[in-house]
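Each chain, letter by letter, is given below.
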Amino acid sequence: MTPLEKAGQRLRHLLALVIVALIGCLCGCEYEPDNVALPSTNSPTLEARTAPPLPDGNDPRPFPPLPESGDIDAGTYLVPVAGHTEPFEITVPDGWFALDGGSVGKDDPDHPAEWAVHITLLPVNYVAMDACKWRGALSDDGSSAEAFVDAMAAQSSTASTPPVKVTVGNYSSFEFDHFVEANVDMNACDGGELCIYSRHTQACSRWYSTRGERETYRVVDLNGKRAVVAVGRIDESINPELMREARAVFDSIVF
């Protein structure tokens, strides 16, 4: 047998081995039968495939209640609404503090006054008919959102912008600005302050201590009950960046 014939014989032998090996591989790659059992609902594999938590603000886990007072961590807190079964949520960044369980605020390092910006979350039962001469003149304005808007617009010594209808989640609401009238002498007012509204008949819950105070109110109609929230500043010299941060906290409120 010539060398060329021997080489051809070896090549044919190698090809035969390759074909045998391929056939063996294909025979070993069988599909599993159709009746293979699916993992049970208690399977660790299914638990690992559960949906991840929703982003902050939509997380289904409960949030802590807003502390009564003191510095608070950045995060979302729950605030009860008088006469309503569900609390609302408010989200704050670092550097904010709580007061009386119904307000949050932040100082401006370049301003001497405390509470440079603030969010008030207090229940409102009475509105001062005259914010300057408020003692003995706190009026029960009813429980509706419209009644509060009307009472604030009628209040003497302060002024309001026309209310604008806005939607908060699934609820309708009114939004307006409230501020001190230009000709008011704060020193001539009861207690040297302007009382805006109160939870009680004989004391003031929300007052203005400077002529430069200004607030934006949002009055939400919760199926016949109201929730009143406001964002404000101590005066016009507050850092605009801080006011934008306060507005973002105000807009984070979810009912």
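Residues numbered from 1 in each chain as written. Predicted model: local features only at pLDDT ≥ 70, side-chain atom pairs only at ≥ 80, totals over all residues. Heavy atoms only, no water.

A. Fine view of helix α4 (residues 240–251). Here α4 contains twelve residues, and its C-alpha end-to-end distance of 16 Å stays within 8% of the 16 Å for a straight helix at 1.5 Å per residue. For α4, the secondary structure elements touched by its buried residues are β3 (88–92), β5 (103–106), β6 (117–120), β11 (171–180), β14 (214–222) and β15 (225–233). Capping of α4 at its N-terminal end is provided by N239; its side-chain oxygen lies 2.8 Å from the backbone amide nitrogen of E241. (Helix = DSSP H or I, 4+ residues; strand = E, 2+ residues; numbered from the N terminus. Expected span 1.5 Å × (residues − 1). Contact = heavy atoms within 4.5 Å. Polar contact = N/O pair within 3.5 Å; in protein donor to acceptor, adjacent residues only side chain to side chain.)

B. Examining the nonpolar core more closely. Counting residues in hydrophobic clusters, the biggest one holds 29 residues, and the most contacted among them are L66, I72, I90, W96, I119, L121 and I253. When contributions to this core are tallied by element, the ones reaching two or more residues are β2 (75–79), β3, β6, β14, β15 and α4. Considering every element that reaches this core, the biggest residue donor is α4, with four residues. When residues no more than four places from it in sequence are discounted, the contact partners of I119 are I90, W96, G102, S103, V104, A230, V231, A246, V249, F250 and I253. One finds A131, F174, M186 and V228 within the second-largest nonpolar core, a separate group that totals 23 residues. (Core = buried A, V, L, I, M, F, W, Y, C linked by side-chain atoms within 4.5 Å. Buried < 20%, exposed > 50% of the residue type's maximum accessible area, 1.4 Å probe, protein only.)

C. Looking closely at helix α3 (residues 145–154). For α3, the complete set of buried residues consists of A145, A147, F148, V149 and M152. Of the surrounding elements, those touching the buried residues of α3 are β7 (126–128), β9 (158–160), β11, β12 (194–198), β14 and β15.

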